[in-house]
Amino acid sequence: MQDKVGVLPHTWCNAKISEITSVNPTIDKAGIPDDLDISFVPMPAVQAESGIVDVSGKRKFSEVKKGYTPFLEGDVIFAKITPCMENGKMAIVPEVRNGIGFGSTEFHVLRALAGVNAKYIYYYVSSQAFRREAEHNMSGAVGQRRVTTPYLSACEVPIPPTNEQHRIVAKIEELFSELDTGIQNLKTAQAQLKVYRQALLKHAFEGKLTAQWRTENRGKLESAEALLKRIQQERAQRFQQQLADWEANGRQGSKPKAPKPMEPLTAEELAELLELPEGWGWVRLEALISGVDQGWSPKCEGHPASETDWGVIKTTAIQHGRFNAHENKAIAPGMEPRTQHELRSGDILVTRAGPRVRVGVCCLIRSVRDRLMNCDKAYRIRTVDSLCLSDYLEGVLNSPRILSVIEQIKSGINDSGVNLNQGAFLRLVIPFCSRAEQTEVMAQVEQKLSEADQLDQTITTSLQQAE
């Protein structure tokens, strides 16, 4: 005989499901007491694809004897309604309470006849090929389409002798077990990659990645004291330049303010900080940036701005180490933009208000279209370029130690709404090195993260293939 995929072995045959199973069998309810506890299985109790079913739910027999689907241990339950059928909600019923189970009316029940292995039937009807064919033959209106009893009963199954059914089931389960082990190993490797990324950032900003570089460049390195002195000089020079520009522009606007003296680290702070290598030091965030501001949240449309219209980013545009310019809203028609909030490449954004898990998230804008403004729930900072690379500071602000400190300085009553105080944020203590070493640090970080990302993609592809 020939089926849809080819010639069957001579010991096999095609049989209708109704010839090898009892389709939607009834049970004798006469002798069952109304107060008997029985297992109850709603549709959500059956997992998609896995064949796992939770039969721990219970009800009294009187509650389910009318209007629900009965089944016994060893029966195959088959979700007949869309989208549950397409999603693979099928299972073999395990041991049930007092030997009886009832469930959703949207289940078909198949009870294998003598000489037929129930697991063989389950694996066949839960296969994607069978489900695709069943989907094309569903009846009913959109959203309420079902596999009918006549259709299911008439479907043909290639059936080998009983012993061969058992061998096929055993081989399937052996291969599935190997596959499950492989999937678990892949997921473990994926979790380890996350740990690796955090460990990499930790080591990078403790000077461990560039130990060899420092050895090769010994004699060219500034001391920590020299770095701090240069920071102070840069701050003073920047103020003098701002003052000169203000004078040249006819003293328009507010007179630039002289920078406050750099706040020294307290003994308590120093006691909690690890010792950094030669050429590294600790400095407060405010010493490395030219300023901080927050954006604007005007009345907006419910859709993103076009490329030629003004828009305001959502906080979801800011992810750890990644900026998504598409997450924005168009400002209302006729509203004048506040161009001082327009974003540009090199800006670093840090979420300052919102749910706890979303506050303190930091990213560097590497490229951005015109006419896109910062929102009022995010700080924008810009590094003093002669002192600090923007990608270096982004990396520091996403490193484990800084994220831990940020978590401690968040304020709020509950996790649904917290704030990152600007003063506390600017007082963050940052590990700092020369600009030349920053370049080397980030070159090594980017290379190693790129390798990790490639491995992560390989694992993700393997997991998809496993499915």
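All of these numbers come straight from a predicted model, not from anything done at the bench.

Asker: Could you give an account of the overall build of the protein, naming the residues involved and the relevant values?
Answerer: Summing up its helical and strand segments, the protein has 14 helices and 24 strands in all. By the compact-globule yardstick of 23 Å for 467 residues, the protein is too spread out, its C-alpha radius of gyration being 33 Å. Judged by the C-alpha coordinates and their principal axes, the protein covers about 95 × 60 × 50 Å. Every one of the 467 residues in the protein was classed for burial, and the buried ones make up 42%. Taking the average location of the 56 positive side-chain charges in the protein and that of its 58 negative ones, the two points are 5 Å from each other.

Asker: How would you sum up the sheet that holds strand β16 (residues 328-330)? Please name residues and give values.
Answerer: Reading across the sheet, the three strands line up as β16-β13-β20 and stay open at both edges, with mixed pairing between neighbours. Of all strands in the sheet, those with a lone pairing partner are β16 and β20 (372-373), marking the two edges.

Asker: Mind laying out the sheet that holds strand β4 (residues 58-60), listing which residues take part and the relevant values?
Answerer: The four strands are arranged β4-β3-β8-β5 in an open sheet whose pairing can be described as mixed. This sheet does not close on itself; its edge strands, each paired only once, are β4 and β5 (69-71). Taking the axes of each pair of neighbouring strands and ignoring which way they run, one obtains an average angle of 40 degrees across the sheet.

Asker: Hey, could you go over the nonpolar core for me, with residue numbers and the actual values?
Answerer: Side chains that are nonpolar tend, in soluble globular proteins, to be buried together. Of all hydrophobic cores here, the largest spans 45 residues; its most connected members are L285, Y392, L397 and F425. For this core, the leading source of residues is helix α11 (residues 390-397), giving four residues. For L397, the residues in contact, after removing those within four places along its chain, are I348, V350, C362, I381, I402, L403, L428 and I430. The next biggest cluster of nonpolar side chains, apart from the first, holds 27 residues, and it includes I20, F130, M138 and V157.

Asker: Residue-level account of unusual backbone geometry, with values.
Answerer: T82 connects to P83 through a cis peptide bond whose omega is 0 degrees. Assignment of secondary structure puts P83 in the loop between β6 (76-79) and α3 (84-87). In the Ramachandran plot, N24 falls in the positive-phi region, its phi being about 50 degrees despite a non-glycine side chain. Within the secondary structure layout, N24 lies in the loop between β2 (21-23) and β3 (37-41). With relative accessibility at 27%, the residue N24 sits in the partly exposed group. At R371, a position not held by glycine, the phi torsion is positive, near 65 degrees.

Asker: Provide a residue-level description of the packing of aromatic side chains, including the pertinent values.
Answerer: Evaluation of the coordinates by the stated rule reveals eight aromatic pairs. Ring centres 6.2 Å apart and planes at 90 degrees place the aromatic pair F78 and F130 in the edge-to-face group. Of the two residues, F78 is situated in strand β6 and F130 in helix α5 (residues 128-136); the sequence distance between them amounts to 52 residues. Taken individually, F78 and F130 each receive the classification buried, so the pair is uniform in this respect. Ring geometry for F205 and Y392: centres 5.2 Å apart, planes at 80 degrees, overall edge-to-face.

Rules used throughout
Residues numbered from 1 in each chain as written. Predicted model: local features only at pLDDT ≥ 70, side-chain atom pairs only at ≥ 80, totals over all residues. Heavy atoms only, no water. Helix = DSSP H or I, 4+ residues; strand = E, 2+ residues; numbered from the N terminus. Rg over C-alpha atoms; globule rule 2.2 N^0.38 Å. Buried < 20%, exposed > 50% of the residue type's maximum accessible area, 1.4 Å probe, protein only. Lys, Arg positive; Asp, Glu negative; His and termini not counted. Charge placed at Lys NZ, Arg CZ, Asp CG, Glu CD. Pairing = 2+ DSSP bridges. Axes fitted to C-alpha atoms, helices over the stretch in contact; angles between N-to-C directions. Core = buried A, V, L, I, M, F, W, Y, C linked by side-chain atoms within 4.5 Å. Contact = heavy atoms within 4.5 Å. Phe/Tyr/Trp six-rings, centres within 6.5 Å; stacked < 30°, edge-to-face > 60°.

Interpretation note: all reported values are geometric properties and have no functional meaning in isolation.
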